[in-house]
Amino acid sequence: MQKQLVRCNINGKDVETYVDVRASLTDMLRNDYRLTSVKKGCEVGECGACTVLIDGEAFNSCIYMAVWADGKHIRTLESLTGPNGELSDIQQAFVDEAAVQCGFCTPGFIMTSVEILESGKEYTRDELKKLLSGHLCRCTGYENILNAVEKTMKKRLGKE
Amino acid sequence: MYDISALYEATSVQNAIELMQAHPEAALIAGGSDVLIKIREGKLAGVELISIFKLDELRGVSIDDDGALRILPLTSFSHITQHPLIQKYYPVLGEAVDQVGGPQLRNIGTIGGNICNGVTSADSGATQVAYDAMLEITGPNGKRTLSIHEFYKGPGRVALEPAELLTAILIPKESYENCFGYYTKYAMRNALDIATIGCSVNVVLSPDKKTLERVRIGYGVAGPVPLRAWTAEEALQGKPLTEETLDFAAKAVQDDVHPRTSWRASEGFRRQIIGETAKRGLRASIERAGGAI
């Protein structure tokens, strides 16, 4: 099958590889770069489990062609942990608030949370609900996830 | 892996036209949030794709010399909502596309794709017909411009000839000047859902803000393609800003629409929503225009 060179920056590192043009970005990140935080959920852009940041915006990598990643900056959950596996504040908040049960939706939720937090804005609870509405979680009932994001947002803004 | 047999990435609009001529069976892909999902469902299995996603020349919003708002078709929904010119002159479009799918989808879905797929439930559709959008189409014989009312041909069918693509959406100055609008998406969920009814109302008030100088009402899912409530609009012209006028609007739009029963909702329920959204949209538009009811 047709292969194409894709040069991009993944989690701060310039990388390149030849990918099958049929691949989704999820396929490329998981199979070529072993970034398995990027989950294969619905694969039609509904569940948000495959969410990654591309040039700072959250995208469902399952409905994004791998070849489109050429020239882009991509961030996955793996970029958040420190060199010795230390958790970032938002990851720790998910742990502390029991916002994780089975964990399958968690990497996606956290990447959208990173986009929200890095905007530097303060959002109301309702606004956070809307901003996180592109993710489905079948375990938690969402409340603890909202708590984790809200608390981290307030901490980063020095309001707690 | 997507079930496709080939991918051709266009390097320019001209190149996209050449690729479409060379591969007449191929499907055009912009953001991919319709096409890639159809492929996953097996509907387009084995298709060849021509991607225009990388054509940054087709992204952005600007104003032409004649005052028309020029919206380039690959602009994502979220960029439409955030764009200062949209917020200033055409905020109702930004509000409408802020209700498409979910946040990640709004980062990939494009305003052009929302029209070119010919879908009646497209959240931008009702608002585009309600502002008499003009569409600039580029093909092997150059550019042509046609009204969005002539563009929609039927469910999933639009007036794009072979090897043609949409290269701009133009909102005439007379459509947005002194005009205030409101879009209602009625759906079963607050996010990640398709409209049961979409209703986009906009008004121009008389200088004394006592009567309706011009009313436009666009609908999605009230027929096979986005449509306008032409007779109701005419009947509303010159009416005073009263509760009676709002009630009249809810009834008047019924003659302009032909909703049907689907698994999402019955025709009767849709008619109820069609009337109610006209009324509420008209009230909100009047209030935004500085009028009092």
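Calculation notes
Residues numbered from 1 in each chain as written. Chains lettered and ligands numbered in written order. Predicted model: local features only at pLDDT ≥ 70, side-chain atom pairs only at ≥ 80, totals over all residues. Pairing = 2+ DSSP bridges. Helix = DSSP H or I, 4+ residues; strand = E, 2+ residues; numbered from the N terminus. Contact = placed C-beta atoms within 7 Å. Axes fitted to C-alpha atoms, helices over the stretch in contact; angles between N-to-C directions. Core = buried A, V, L, I, M, F, W, Y, C linked by C-beta atoms within 7 Å. Buried ≥ 20, exposed ≤ 12 C-beta atoms within 10 Å, placed from the backbone. Nonpolar A, V, L, I, M, F, W, Y, C, P; charged D, E, K, R; others polar. Domains from an automatic or database assignment. Parallel < 35°, antiparallel > 145°, perpendicular 65-115°, else oblique. Left-handed = near helix turned anticlockwise from the far one by under 90°. pLDDT = per-residue confidence, 0-100. Expected span 1.5 Å × (residues − 1). Arc of directions from axis to C-beta.

(A) Looking closely at the sheet that holds strand E14 (residues 227–228) of chain B. Residue and element names in this part refer to chain B. Across the sheet, 4 strands lie side by side as E11-E12-E13-E14; this open sheet has antiparallel pairing. Both outer strands of the open sheet, strand E11 (180–186) and E14, are each paired with one neighbouring strand and no more. Pairing of strand E12 (residues 197–205) with strand E13 (residues 212–220) involves 8 bridges; the strand directions are antiparallel. Bridged to Asn202 within E13 is Arg216. Along the sheet face, helix H13 (residues 267–288) touches E11, E12 and E13 and points at about 35° away from the line of E12.

(B) Local environment of the nonpolar core. Counting 137 residues, the largest nonpolar core has Ile50 and Ile52 of chain B as the members making the most contacts within it. Looking at which element gives the most residues to this core, the answer is helix H3 (residues 106–118) of chain A, with 6 residues. Those residues in contact with Ile52 of chain B, other than ones at most four positions away along the chain, are Ala10, Ala16, Leu28, Ala30, Leu58, Leu74 and Leu165 of chain B.

(C) Structural view of the interface of chain A and chain B. With 27 residues of chain A at the contact, the number on the chain B side is 23 residues. Contributing elements (two or more residues each) for the side of chain A that touches chain B: strand E4 (57–60) and helix H4 (125–131) of chain A. With 4 residues, E4 of chain A is the largest single contributor of residues to the side of chain A that touches chain B. Grouping the amino acids of the side of chain A that touches chain B by side-chain chemistry returns 11 nonpolar, 9 polar and 7 charged.

(D) Looking closely at unusual backbone geometry. Unusually for a residue other than glycine, Glu43 of chain A sits at a positive phi of about 60°. With respect to the helices and strands, the residue Glu43 of chain A is situated in the loop between helix H1 (25–32) and strand E3 (51–54). Even without being a glycine, Ala163 of chain B presents a positive backbone phi close to 65°. Among the structural elements, Ala163 of chain B can be located in the loop between strand E9 (157–158) and strand E10 (165–171).

(E) Layout of the domain arrangement of chain B. Residue and element names in this part refer to chain B. Looking at chain B, the domain boundaries give domain 1 (4–51), domain 2 (56–174) and domain 3 (176–288). The distance between the C-alpha centroids of domain 1 and domain 2 comes to 20 Å. Across the contact, 12 residues belong to domain 1 and 16 residues belong to domain 2. When its residues are assigned to classes, the side of domain 1 that touches domain 2 shows 7 nonpolar, 4 polar and 1 charged.

(F) How the structure looks around the sheet that holds strand E6 (residues 134–139) of chain B. Residue and element names in this part refer to chain B. Sheet architecture is open: 5 strands sit in the order E4-E5-E10-E6-E7, paired in antiparallel fashion. The open sheet has two edge strands with one neighbour each: strand E4 (61–63) and strand E7 (142–147). Ignoring strand direction, the axes of neighbouring strands in this sheet form an average angle of 25°. Summarising the sheet, E6 and E7 pair through 6 bridges and their orientation is antiparallel. Within E7, the position partnered with Thr138 by the bridge is Lys143.

(G) The environment of Pro240 of chain B, seen in detail. All names here are of chain B. Within the secondary structure layout, Pro240 lies in the loop between helix H11 (230–236) and helix H12 (243–252). As for Pro240 and Gln14, which are separated by 226 residues in sequence, their C-alpha atoms are 51 Å apart. Not counting chain neighbours up to four residues away, the residues in contact with Pro240 comprise Lys210, Thr211 and Thr245.

(H) Inspection of the packing of helix H2 (residues 89–96) of chain A against H3 of chain A at higher detail. All names here are of chain A. Here H2 crosses H3 at 130°, and the two axes come no closer than 10 Å. Our classification of the angle between H2 and H3 gives oblique. Crossing angle aside, the handedness with which H2 passes H3 is right-handed. Within the contact between the two elements, H2 uses Ile90, Gln91 and Phe94 and H3 uses Thr106, Ile110, Ser113, Val114 and Leu117. A class-by-class count of the residues in the contact of H2 with H3 yields 5 nonpolar, 3 polar and no charged.

(I) Focus on the confidence of the model for chain B. In this model, chain B carries an average pLDDT of 97, and 100% of its residues clear a pLDDT of 70 or more. Under the prediction, the complex receives an ipTM of 0.96, its pTM being 0.96.

(J) Spotlight on helix H5 (residues 143–156) of chain A. Residues and elements named next belong to chain A. For H5, with 14 residues, the first-to-last C-alpha span of 20 Å sits near the 20 Å given by 1.5 Å per residue. For H5, the complete set of buried residues consists of Ile145, Ala148, Val149, Thr152 and Met153. Buried residues along H5 cover an arc of 125° about the axis, so they all sit on one side. Opposite its buried face, H5 presents the exposed residues Glu143 and Lys154, each directed more than 90 degrees away. Downstream of H5 by one or two residues, Gly158 has phi in the positive range, about 70°.

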